[in-house]
Every structure is written in C-alpha cells, then in structure tokens.
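As a plain string of letters, each chain reads:
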Amino acid sequence: MPRGQNPEAYHKAARDLAYSFGTRHCRVFSGRRQAPPVRSGRLAWLLRRVDAIRFRDRPRHVWLVFIRRDPLTRIVAPLPVPARPDFTALPLGLREDLAVYCLRLLATHVLIGGATRMGKGSVIWSLLRALAAGIRSGLVRVWAIDPKGGMELSIGRPLFSRYVDDDWSRMADMLDDAVTRMRARQRLLRGKVRVHTPTVDEPLIVIVIDEIAALLAYLPDSDIRNRIAQSLGLLLSQGAGLGVLVVAATQDPRKEVVSVRDLFPTRIALGLTERGHVDLLLGDGARDRGALADQIPLSAKGVAYVLLDGQPEPARVRFSFIADDVIRDMAATFPAPPELAPEPVESPAAVKPTRSTGNGRHTYRPTPPRQAAPLLPPSLLNALDLNTTPNGGDPR
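Fair warning: this is a prediction, and the values are worked out from it, not measured in the lab.

Colleague: Please provide a residue-by-residue account of the sheet that holds strand β8 (residues 204-209), values included.
Modeller: Pairing within the open sheet is mixed, and its ten strands lie in the order β4-β3-β12-β11-β10-β5-β9-β8-β6-β7. A single partner strand is all that each edge strand has here, and the edge strands are β4 (100-103) and β7 (162-164). Between one strand and the next, the sheet's axes are offset by a mean angle of 25°, whatever the strand orientation. The sheet contact formed by strand β5 (residues 110-113) and strand β10 (residues 266-269) spans four bridges and is parallel. By the bridge assignment for β10, V110 is matched with T266. In the packing of helix α6 (residues 168-189) onto the sheet, the strands contacted are β6 (140-145), β7, β8 and β9 (244-250), and the crossing angle to β6 comes to about 150°.

Colleague: Give me the nonpolar core: which residues, what numbers.
Modeller: Core analysis: the largest hydrophobic core is formed by 48 residues, its most contacted members being I207, I209, I212, I228, L235 and F264. Those elements giving two or more residues to this core turn out to be β6, α6, β8, α7 (213-216), α8 (222-238), β9, α9 (276-282) and β11 (303-306). Residue contributions to this core peak at eight residues, all from α6. Among residues more than four places away in sequence, those in contact with I228 are A172, L175, L215, L216 and L219. The next biggest cluster of nonpolar side chains, apart from the first, holds 46 residues, and it includes Y101, L103, L270 and A315.

Colleague: Quick rundown of the pattern of salt bridges? Include the residues and the values.
Modeller: What the rule picks out here adds up to 20 salt bridges. Between R141 and E339 there is a salt bridge; the shortest N-O distance is 3.5 Å. Residue R141 is located in strand β6, and its partner E339 is located in the loop between α10 (324-333) and α11 (378-383); the two are separated by 198 residues in the primary sequence. Summarising the burial analysis for this pair, R141 and E339 share the class buried. One continuous salt-bridge network, built from bridges that share partners, spans R27, D70, E96 and R316.

Scoring rules and cut-offs
- For every chain, the first residue of the written sequence is number 1, and numbering continues from 1 along that sequence.
- Local features in a predicted model are, by the rule used here, given only for residues with pLDDT of at least 70; side-chain atom pairs are given and counted only at 80 or more, and totals for whole chains, interfaces and linings are based on all residues.
- Note that the side-chain values use all heavy atoms of the structure and ignore hydrogens as well as water.
- A pair of strands is treated as paired once DSSP finds two or more bridges between them.
- Runs of E in the DSSP output that reach at least two residues are strands. Runs of H or I that reach at least four are helices, and both are numbered from the N terminus.
- Only the contacting stretch of a helix is used when fitting its axis, a line to C-alpha atoms as for every element, and angles between N-to-C directions run 0 to 180 degrees.
- Note on definitions: a residue-residue contact is assigned when non-hydrogen atoms from the two residues lie within 4.5 Å.
- Within this scheme, the nonpolar core is defined by two criteria: the residues are buried Ala, Val, Leu, Ile, Met, Phe, Trp, Tyr or Cys, and they are joined through side-chain atoms within 4.5 Å.
- Only protein chains enter the calculation, and the probe is 1.4 Å; a residue is then buried if its accessible area is under 20% of its type maximum, exposed if over 50%, and partly exposed in between.
- The salt bridge criterion pairs a side-chain nitrogen of Lys or Arg with a carboxyl oxygen of Asp or Glu, the two atoms within 4 Å.

This is how it looks when you write it as structure tokens:
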C-alpha cells in the first residue's frame, strides 16, 4: 500500500476492485493467509530462520483474492464422523479455499444467526455429527431445548441426554439444573485447573437451543422468562471453562431480543435480512471487512461468515447439509447413554378439600374465632369482680 493508506480503504473498495478485474467477488486480507509450515529434521533450525523472514509481519501489505468461480455453490455432503471428537477442531464444512472448516468448541459458547430457511439447522446438525462418537461413549452430554415444539430437534431425539420442547417450566428447570451442575463442578475444580477436560465421569455438557429469542423475548410468562435469563447469564459468563457450553440459534440478533448476545465469544452469521444485523452479530465493522451476510441468496443455504483465529477478516464457509434420513441413521447409530441424574419429575400440588352444599356450588364458611383465654387466674378474677360482693351488698 502507498503511504497514508490502510486496509480499510481496500475493504470498502472491494466490490469496485472485483468488477474492475472482471470478477464477482474480491476478498481483502490484511494478514498473510498461510501460516508458516512446521519444520522437522536436521535442517529444521535453518528453515525456521528462513520462514521467520518469509512470513514476518508486513503491515503495509494487503492480499487481494479475486474469486472467479465460487466453490461454495455446491451442497457440501456430510463429513465423516470422527472416531474421537477433537473439541479444538470439529469438522463442520468447507471454506472457500476448499479447506475443511473446523470449529473450536472447547471453552466457548456459539451463537448462530440467520434468517428463516437459511441453514441454521445445517450448523446444528453438522456440530452434532462431529460430536456423535463422543455422545455415544458418554464423553459429551447434549441437552436440547426446542421452543418451536420439536419441529427441528425432535427427529434426533436419541442423541440427546435431556430434551424439552413443549413445557416452558421444564425448560427453565433444565437450565437451573445446568447451573447447579456448573456450581458443583466449580467447587470440584477450584484451585486445580483453569479449563475443564471432558471425561466420561465429568462429560462435556452442550446445551443446544434452537430459537433462543423465544425464551428471552417472546415467552408469555414473565416469571419463567426472568428465570431463564438469569440461568443463561450465569452459564454464559461462567460455564465455558467448566465444560457447560451453550449453542444457540436466533433469527434476530438485536440486543433487545437476545439480551445475552455479547456473552457469546464465537458467532456464525448465515444469511441475514438486514445489513445492520451483520455488525450486530459479528462485531462492528465486520461487514466492511467482507462479511456480506445480507447478500447471501436463498439458494445458498448453509453459507455463512465466521471469524477464524488470527485473522481479522471474516471467512466464508458452507456447512454440510444433513438430510432427515441421515439424522435418523445418526441417531440410531450414536444414541446417548441414559442420564445418570434423571430429570426432576414435578409432583402434583396437594389440593385442599372444599366444602360443598351438595348442589355443585361451593359456599364460603368462615372459621369462628377462638375464644381469648383469660389473662388472670380465677382467684384474682373473683377478687377484682366489681359486679358482686362477698356480703351481697353494692358493688365495690
């Protein structure tokens, strides 16, 4: 770049640059896209010094990538299920450079934003497919909440250790139970480690919420809504390092709808309806840096913009499409073992007996007040009686 310029000028002119070079898309990168290779062998020390010069930081260099053919127009087939999930790199789809996109789930929460029918289910089911082997072995426990009545998640019910889709009170109880387990794990790990390591005895708990806005903004019962908001606030602020993670999807990322939006470190932006929603979801300036999520067509379901480690510009990826038959087969092949702590069963409240007149109508009968006990013993009362005298004379 000439002196006096910065990468923001190229980000804003990306579309003009693309059409000037006869392409549809131009991606601007302010840092080198390739990381230095890992060297080994006798000459590794020499090659590392050469790489230190080749891959040194160059603030005045920008890389312009012109996309002649979009590699993400084709549907991505389901990826193979890992034999043991790597929570630092779960394969979920393909990037536009045809590399496998891997999500880091360990010690983070994930917020998925996208309009209706833009592929939020592809992200959720791709994540569950990457965790399937851990679900079957008990290394991962998935608790699912589907406020839409089970229209999205009920098809994979065997994958979930706990599942609720039709009772607001049980949804709040599930989140309260997650807070309780988080507190117990906190007391167990305090002073020992800073990040929880999943084991079969202390598994990774992943809470999947298909539409979080229904719980935080549109739930009719204000008391249950406040309970849910408080539990989610505690889980999102303290549960990442303790292995109690939240993966939530929403159609509207506004703060007044998703009040806990800022507590999600990892965010995925699918096709959105408004350009302002891009910055709300991915952060200020994300759209100017190339995250054109509001321009994703309806035919490109599952295409999203994500932030990668060490790269300020959002990356464009496409998540794998998981058909219904694949979900059923996955649920039958990788069922979750029974939950050790079963779901709490609500006992019916005791009904007080009511009095009836016999004609089907209830009559209110007040309880007669108790007779007040005398404050003085009988001997003193006789001595102080003013109405009678011992000799039958006039009262004293």
